[in-house]
Amino acid sequence: GKLAQVHAIFDGATGDANRRVFTGIIEAAGRDHLILSEPETGNRVLLPMVYFAYATFEEELEYDYPYGVPGATTYSPR
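Residues numbered from 1 in each chain as written. Predicted model: local features only at pLDDT ≥ 70, side-chain atom pairs only at ≥ 80, totals over all residues. Heavy atoms only, no water.

Colleague: How do you make sense of the overall build of the protein chain when you look at a structure like this?
Modeller: Across its full length, the protein chain holds zero helices and five strands. Scanning the protein chain from its N terminus toward the C terminus, one meets helices and strands in the order β-β-β-β-β. Residues classed as buried in the protein chain amount to 18% of the 78 residues present. Considering only contacts within the protein chain whose residues lie at least 6 apart along the sequence, 34% involve residues at least 24 apart. Entry remark: accessible area of the protein chain is about 6400 Å², with carbon and sulfur atoms responsible for 51%. (Helix = DSSP H or I, 4+ residues; strand = E, 2+ residues; numbered from the N terminus. Buried < 20%, exposed > 50% of the residue type's maximum accessible area, 1.4 Å probe, protein only. Contact = heavy atoms within 4.5 Å. Areas by Shrake-Rupley, 256 points an atom, 1.4 Å probe, with all protein chains shown as cover.)

Right, dumping it as structure tokens:
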């Protein structure tokens, strides 16, 4: 449910066509995909994670590290 700017890189394309930034509300995220809802247009974007480079957020995130790694969430910030 957070507003994010998602940066994607498309292999095989040249120039500016191989990079794109999607801005939207994260509706769902899975191991292999991300669904964004663009507030300006109402369109939804289904982005396969193979194209996902990184995401930026303007607000603080609440995040628990998955996979049960002992102590992974207790490290002090670097």
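Colleague: Explanation requested: the sheet that holds strand β5 (residues 52-57) in the structure shown.
Modeller: A sheet is described by the order of its strands in space; here five strands give the open sequence β4-β3-β2-β1-β5, paired in antiparallel fashion. Of all strands in the sheet, those bounded by a partner on one side alone are β4 (44-48) and β5. Each neighbouring strand pair of the sheet contributes to a mean axis angle of 45°, computed without reference to strand direction. Bridge analysis of strand β1 (residues 3-9) against strand β2 (residues 19-29) gives seven bridges, and the strand direction is antiparallel. Residue pairing for β2: isoleucine 9 is matched across the bridge by arginine 19. (Pairing = 2+ DSSP bridges. Axes fitted to C-alpha atoms, helices over the stretch in contact; angles between N-to-C directions.)

Colleague: Just checking my understanding: could you explain the side chain of serine 37 for this structure?
Modeller: Relative to the assigned elements, serine 37 resides in strand β3 (residues 33-37). Separated by 3.4 Å, the side chains of serine 37 and glutamate 27 make a polar contact. Discounting chain neighbours no more than four positions away, the residues touching serine 37 are Gly24, Ile25, Glu27, Asn43 and Arg44. (Polar contact = N/O pair within 3.5 Å; in protein donor to acceptor, adjacent residues only side chain to side chain.)

Colleague: Quick question: what am I supposed to make of the nonpolar core here?
Modeller: It is characteristic of soluble globular proteins that their nonpolar side chains tend to be buried jointly. Counting nine residues, the largest nonpolar core is built from Ala4, Val6, Ala8, Phe22, Ile26, Leu34, Leu36, Val45 and Leu47. Of all the secondary-structure elements, those providing two or more residues to this core are β1, β2, β3 and β4. Top contributing element to this core by residue count: β1, with three residues. For alanine 4, the residues in contact, after removing those within four places along its chain, are Phe22, Thr23, Gly24, Ile26, Thr56 and Phe57. (Core = buried A, V, L, I, M, F, W, Y, C linked by side-chain atoms within 4.5 Å.)

Colleague: What's the story with the environment of arginine 20 in this structure? I'm lost.
Modeller: Looking at where arginine 20 falls in the secondary structure, it is placed in strand β2. Residues arginine 20 and valine 6, 14 residues apart in the sequence, show an inter-C-alpha distance of 8.3 Å. Apart from the residues within four sequence positions on either side, arginine 20 is in contact with Val6, His7, Ala8 and Phe10.

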